[in-house]
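These are the residues of each chain, in order.
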Amino acid sequence: MMYQTDTRQTADVARLEDYLQAFRQRRWLVLSFLVLGILLAFFYTQTAAVTYTATSEVRVGPTPFGSTNDNLVAAKLEEESKVVSSDIVAEQVIRNFPGTNRTELDVKFTQNSNILVISYTAASGDQAAAVANAFAQAYTAQRIADAEAFYQTRIAANQTRLADIEASVVAAEDARQQIVNRRAAVFEEPASEARANQLEQLAAEISQVNTEVNSLRTDANQARTAVAADETSIATLDGSPPAEVLTSATAPSSPDGIPSSLLLAAGAIVGFVLGLVTAFFLERLDTTARDENDVALALGTSVIGAIPALGGMGRLRPSNSLIMFSTGGSARIAAAREAFRRLRSSLLFLNTSNGVSSAVVTSSAPGEGKSVTAANLAIALAQNGSRVVLVSGDMRRPTLERMFGMEAQRPGLAEYLGQTAELNAEKVPGIENLWLIRSGRPPANPSELLNSDRFELLIKELEREDVEYIIVDSPPVLSTADALSAARYVDGVIVVVDAEQTDTSDLLQVRADLERTGAKLLGAVLNRRQLEQGGLFRRSKYAYYHAEVARDAQPELR
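Everything quoted here is computed from the prediction, not taken from an experiment.

A. Looking closely at the pattern of salt bridges. All chains considered together, the criterion is met by 19 salt bridges. Between Asp482 and Arg396 there is a salt bridge whose closest N-O contact spans 2.9 Å. With Asp482 in helix α16 (residues 482-487) and Arg396 in the loop between β7 (388-392) and α12 (400-403), this residue pair connects regions lying 86 residues apart in the sequence. Here the salt bridges share partners, and the residues they tie into one network are Lys370, Asp394 and Asp473.

Right, dumping it as structure tokens:
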């Protein structure tokens, strides 16, 4: 997490390092989102309806419909597209392909073109292609049939008109013959002025009838020509149809939509990004002190030791936590031993520079590893040749005795501070230069006992016995006042911080409590720190210790 002490600092802008830190801390969350994204994408690909779309193309030619001078006119594709999906065309397709759904039909065209694009979507590629071709063929057949019907209608009309004209010609010729017969009878009459006028009138009538007959014959010829032209147009429909299939639909090889592989990849990417963003925000909301900077800012002191997580060994068996008491083990254990040696070096430096020889080891809350740290630090100091006394100052819940396999209920610190027994520092078996003062039987007032002159006398008496280091394991600061009471009589306090659970607000309270009592804060120990594993281009931080483990491996001492 990112800890800030001044809200007036520059705006907190997320950087790549912040996202990488969030991924390292919550990588399992990110990986869970990634797997979830892949599973959801896979579930979608398995449950989503699979459809195939096939497409055919039809060229639409000029049409006789709407012509005023017997010339063909260009078809309107917007109207023709409606013809494709009309009932009359669809009925022909459904007759051959029952179950055809017109909602799956799509007809498109481009302006200023003569191409109709007919697409059909179905559950199989073969069905989609077959139905698309059926619509294209039914449309072209319908358009040819409509054109033929148009011409046949005109032929029938012209033939009817021709029959009427021919009947009129016969009637006119009959009338002319009657006039000719009348004129012949008039010629037989004696010459007179009346006869001459009558013959002139009959000649005019014959001329008028001839003109009418000639006009009717001209109309008849036009009708015959129109019939012949329409019959020729019908005959040429096969060679120059008003609509023809340019491209037949073929069964598509892949279904519609995004390929399954791309969907799975997209699910993985989306899941990873969502996981990373979630981890980032959780990391920002998390106030756990996970690194040295967080601890240093909260406590106002430096981190003098960082111990990697031991994988819960101490929770299974207390003696397993005494890693300085054994050799061998995993590379992680070897790294932890080296971390305690570095902590020992820090305390040796404090002794050299500031004369620090006694320290209370505590934490903010239970379960943060203070007792394990105190025990292993004491062992490390003893292994360096220093005379060390480890005081089991947690008289409420003594832990050191269980680690060293000693009985906790025997008289010890509680009895000495209560002036009911003499001081007894027992030699720890198997470790030179290390003594343990038991906690004794749980008293009713441990805080008052640690705040007494008797405890101060104990520290001074141990110092007179040429003890070089006194390590006091005390209860957590925020749980009891024991640590604050004991801190008055030692050179300083070492606060153990659990990188997996200690909140920075608790550390701020610990700092305030220690400052209020005047205790000196020597430094902090970051426990259960998560070390980075090896990456693609980087060796593991434990790699250095594998050779040591292979060389020194042997059964742990109990």
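Further notes follow.
B. Seen up close, unusual backbone geometry. The phi dihedral of Asp466 falls on the positive side, at around 65 degrees, and the residue is not glycine. With respect to the secondary-structure elements, Asp466 resides in the loop between α15 (453-464) and β10 (469-473). What makes Asp466 exposed here is its relative accessible area of 57%. For Arg528, which is not glycine, the phi dihedral falls at a positive 55 degrees.

C. Here's a closer look at the sheet that holds strand β1 (residues 52-60). Taken together, four strands build an open sheet; the order of strands is β2-β3-β1-β4 and the sheet is antiparallel. Each edge of the sheet is formed by a strand with only one pairing partner; in this case those strands are β2 (105-109) and β4 (243-247). Strand-to-strand twist across the sheet, computed as the mean angle between neighbouring axes with direction ignored, equals 30 degrees. Two strands pair when backbone bridges link them, and β2 and strand β3 (residues 115-122) are joined in this way by five bridges, in the antiparallel orientation. If you follow Asp106 over to β3, its bridge partner there is Ser119. Docked against the sheet, helix α5 (residues 125-187) engages β1, β2, β3 and β4, running at close to 20 degrees with respect to β1.

D. Looking closely at helix α11 (residues 370-383). With 14 residues, α11 should reach 20 Å at 1.5 Å per residue; the first-to-last C-alpha distance of 20 Å fits that figure. For α11, a buried count of 13 out of 14 residues is recorded, marking the element as mostly surrounded by other parts of the structure. A positive backbone phi angle near 100 degrees is found at Gly385, which sits one or two residues after α11.

What counts and how
By convention here, each chain's residues receive numbers from 1 onward along its written sequence. Restriction of local features to residues with pLDDT of at least 70 applies here, the model being predicted, together with a cutoff of 80 or more for giving and counting side-chain atom pairs; totals for whole chains, interfaces and linings are based on all residues. Note that the side-chain values use all heavy atoms of the structure and ignore hydrogens as well as water. Salt-bridge detection follows one rule: a side-chain nitrogen of Lys or Arg within 4 Å of a carboxyl oxygen of Asp or Glu. The way it works is that DSSP assigns letters per residue, a run of H or I at least four long becomes a helix, a run of E at least two long becomes a strand, and they are numbered from the N terminus. Exposure categories follow from relative accessible area, calculated using a 1.4 Å probe and restricted to protein chains: below 20% of the type maximum is buried, above 50% is exposed, and the middle band is partly exposed. Two strands qualify as a pair provided that DSSP identifies no fewer than 2 bridges between them. Only the stretch in contact is used when fitting a helix axis, every axis being a line fitted to C-alpha atoms; angles between N-to-C directions are given from 0 to 180 degrees. Between two residues, a contact is recorded if the distance between any of their heavy atoms is within 4.5 Å. Every helix has an expected span of 1.5 Å times one less than the residues it contains.

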